[in-house]
Amino acid sequence: MLVERVWRVGEVARESGVTVRALHHYDRLGLLVPSSRTSGGHRCYTQADVERLYRIVALRGFGFALEDIAALLHAEPTLDPRELIRQQLMVVDERIARAATLRERLLGVLDGLDHAVEPSTSEFLRLVEETISMNQPLTPEEFARLTRQREEYAQQLSAEELAAMAQRREAAFAAMSPAERERMHAQRARMIPPGVGIAGAGD
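Some thoughts on the overall build of the chain
For the chain, the helix and strand inventory stands at nine helices and three strands. Reading the helices (α) and strands (β) of the chain from amino to carboxyl end gives β-α-α-β-β-α-α-α-α-α-α-α. Taken across its 203 residues, the chain has 27% of its residues classed as buried.

Here it is, written out as structure tokens:
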């Protein structure tokens, strides 16, 4: 009989990059309560706990507040990680594209400096703009493009897979309290660029 491995809090912190202090904070908030503790009181995490930690970190990367993440995890404590990974991939791909543009700009300015050519003010202004854009919310056009990509992916799914996905979303929304639903709608409104409409479960 196989015994499931557990990771102590220090091991999880070392391997994941999440600080011990943050893990303790998540435990106090009820976001990530370790499955067990040692006789000395040290927190121990299972694979399921680590998967839950990934969901927390990914949702934080999308801009969700901890209280909203708590509501999402409460509404749907178990979730196929593939959907969240696909959403994170879209965001990462967008950031990579922005980083590549900034990289080319930096290389051009550096090459000019190496040849004793002083960059113009306009070039530095473009560097400022592109550096800031790395951390800015998506524009309506960018959001629309990512939405199209998501729709194209959905078209590849079978009717059964689409129905199962919709059922999971509806069940998660139905399990939320009115306050949790309100917070989610407010959070989603902040994430979506102005002037962009989007339909989904619970709308």
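Still to come is the rest of the account.
Looking at the pattern of salt bridges
Two side chains with opposite charge may pair up if their charged atoms get near one another. Per the stated rule, a full pass over the model turns up five salt bridges. With a shortest N-O distance of 3.8 Å, Glu11 and Arg5 are connected by a salt bridge. Accessibility expressed as a relative area gives 25% for Glu11, which makes it partly exposed. Among the salt bridges present, the one from Arg103 reaches Glu104, with a minimum N-O distance of 4.0 Å.

Considering the packing of helix H3 (residues 47–61) against helix H5 (residues 81–114)
Helix-helix packing: each pair is described by the crossing angle between the helix axes and the interaxial distance. Put simply, H3 and H5 touch, their axes get as near as 11 Å, and they point 40 degrees apart. With respect to H5, the axis of H3 lies oblique. H3 and H5 meet at a crossing whose hand is left-handed. Of H5, the residues touching H3 (which contributes Tyr54, Arg55, Ala58, Leu59 and Gly61) are Leu84, Ile85, Gln88 and Arg95. For the contact of H3 with H5, the residue count by class is five nonpolar, two polar and two charged.

Quick word on the sheet that holds strand E3 (residues 43–45)
Strand order in the open sheet formed by three strands is E1-E3-E2, with antiparallel pairing between adjacent strands. This sheet does not close on itself; its edge strands, each paired only once, are strand E1 (7–8) and strand E2 (36–37). Bridge count between E2 and E3: two bridges; the pairing is antiparallel. Residue pairing for E3: Ser36 is matched across the bridge by Cys44.

Some words on H5
With 34 residues, H5 should reach 50 Å at 1.5 Å per residue; the first-to-last C-alpha distance of 47 Å fits that figure. Where H5 terminates, the next one or two residues include Ala116, which has phi positive at roughly 60 degrees.

A word on the nonpolar core
Ranked by internal contacts, the top residues of the largest apolar core, which has 20 residues, are Leu23, Tyr26 and Ile69. Sorting the residues of this core by element identifies helix H1 (9–16), helix H2 (20–29), H3 and helix H4 (66–75) as the ones contributing at least two each. With residues near it in sequence (within four places) discarded, Ile69 still touches Leu31, Ile56, Leu59, Arg60 and Phe64.

Reading guide: rules and limits
Residues numbered from 1 in each chain as written. Predicted model: local features only at pLDDT ≥ 70, side-chain atom pairs only at ≥ 80, totals over all residues. Heavy atoms only, no water. Helix = DSSP H or I, 4+ residues; strand = E, 2+ residues; numbered from the N terminus. Buried < 20%, exposed > 50% of the residue type's maximum accessible area, 1.4 Å probe, protein only. Salt bridge = Lys/Arg side-chain N within 4 Å of Asp/Glu carboxyl O. Axes fitted to C-alpha atoms, helices over the stretch in contact; angles between N-to-C directions. Parallel < 35°, antiparallel > 145°, perpendicular 65-115°, else oblique. Left-handed = near helix turned anticlockwise from the far one by under 90°. Contact = heavy atoms within 4.5 Å. Nonpolar A, V, L, I, M, F, W, Y, C, P; charged D, E, K, R; others polar. Pairing = 2+ DSSP bridges. Expected span 1.5 Å × (residues − 1). Core = buried A, V, L, I, M, F, W, Y, C linked by side-chain atoms within 4.5 Å.

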